Amino acid sequence: DGRYLQYDWSIKVDADCVFLPSRLRQHIWGLRPPPDTAMYLKNNGQGKMGNGGFLGAIEVFSKKAMEMYFDNADDCAKYLGTNSGEDGFFKGCMDAIGAGFMLDAQMFEPNFDPSKCTIASHAAFHPIKYASHWQRCWDLSFNNKCPGTTYDCMGPLDPPLSSLAGGR
């Protein structure tokens, strides 16, 4: 419907991602991206494990990049295919159509542990799969609960981290 044209940036966030818009705004300002430029932001410093710096938990595109995408979406689907996840598709398409990128390795770091939500430099936390963990992360990062203490100051998590596959 063209709503994205009203904004300088479009952001897609997974449902299991705790996203802090004010922090992302600070990250973008800190990068000083050139105005009116087609670009996307690589969002992590995980290298190959992080899809070349672009994981789908949070995807950030400039208005010009979105305009270029919509002008070329059919060709991207036809020539690049749609067999990858949406993050792989969008990264491949953006690269193919000539959109640039900037790296913000501190935007987020993949980790399911809500204790990581105390890291004030991140703009997003993912994957936070359980409602109680998501709420804890939100309270820690946005509502500034437990400042100067540990993440468990609000009581035990349900389910406890120790019960999750892979442990901490």
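Residues numbered from 1 in each chain as written. Predicted model: local features only at pLDDT ≥ 70, side-chain atom pairs only at ≥ 80, totals over all residues. Heavy atoms only, no water.

1. A closer look at the state of the cysteines
All told, the structure shown has 2 disulfides when counted by the stated rule. Cys 76 shares a disulfide with Cys 93; S-S distance 2.0 Å. Taking the sign of the S-S torsion, about 75 degrees here, the bridge from Cys 76 to Cys 93 comes out right-handed. Of this pair, Cys 76 sits in helix α2 (residues 63-80) while Cys 93 is found in helix α3 (residues 86-96), placing the two residues 17 residues apart along the sequence. In this pair, the class of Cys 76 matches that of Cys 93, namely buried. Each sulfur in the disulfide pair Cys 117 and Cys 137 lies 1.9 Å from the other. When the S-S torsion is -95 degrees, as for the bridge of Cys 117 with Cys 137, the disulfide is left-handed. Here Cys 137 lies in helix α4 (residues 131-141) and Cys 117 lies in the loop between β5 (100-103) and β6 (124-125), a separation of 20 residues in the sequence. In this structure Cys 117 comes out as buried when scored by relative accessible area, which is 1%. (Disulfide = S-S within 2.5 Å. Helix = DSSP H or I, 4+ residues; strand = E, 2+ residues; numbered from the N terminus. Buried < 20%, exposed > 50% of the residue type's maximum accessible area, 1.4 Å probe, protein only.)

2. What to know about the pairing of strand β3 (residues 39-42)
Every regular strand shows the same layout, with side chains that alternate between the two sheet faces. Side chains Met 39 and Leu 41 of β3 all project onto a buried face; the interleaved residues Tyr 40 and Lys 42 project onto the opposite face, where all are buried too. The sheet contact formed by β3 and β5 spans 4 bridges and is parallel. Within β5, the position partnered with Met 39 by the bridge is Gly 100. Direction of pairing for β3 relative to strand β4 (residues 58-62): antiparallel, over a ladder of 2 bridges. Across the sheet, residue Leu 41 finds its bridge partner in β4, namely Val 60. (Pairing = 2+ DSSP bridges.)

3. Brief notes about the packing of aromatic side chains
Aromatic rings considered in pairs are described by the distance between their centres and by the relative angle of their planes. Under the defined criterion, the tally for this structure stands at 10 aromatic pairs. For the pair Tyr 4 and Phe 70, a centre-to-centre distance of 5.1 Å together with 40 degrees between the ring planes defines the contact as tilted. Taken together, the residues span a long stretch of sequence, with Tyr 4 in the segment before β1 (9-13) and Phe 70 in helix α2 at a distance of 66 residues. Judged by relative accessible area, which is 48%, Phe 70 ranks as partly exposed. (Phe/Tyr/Trp six-rings, centres within 6.5 Å; stacked < 30°, edge-to-face > 60°.)

So yeah, pure geometry; function would need other evidence.
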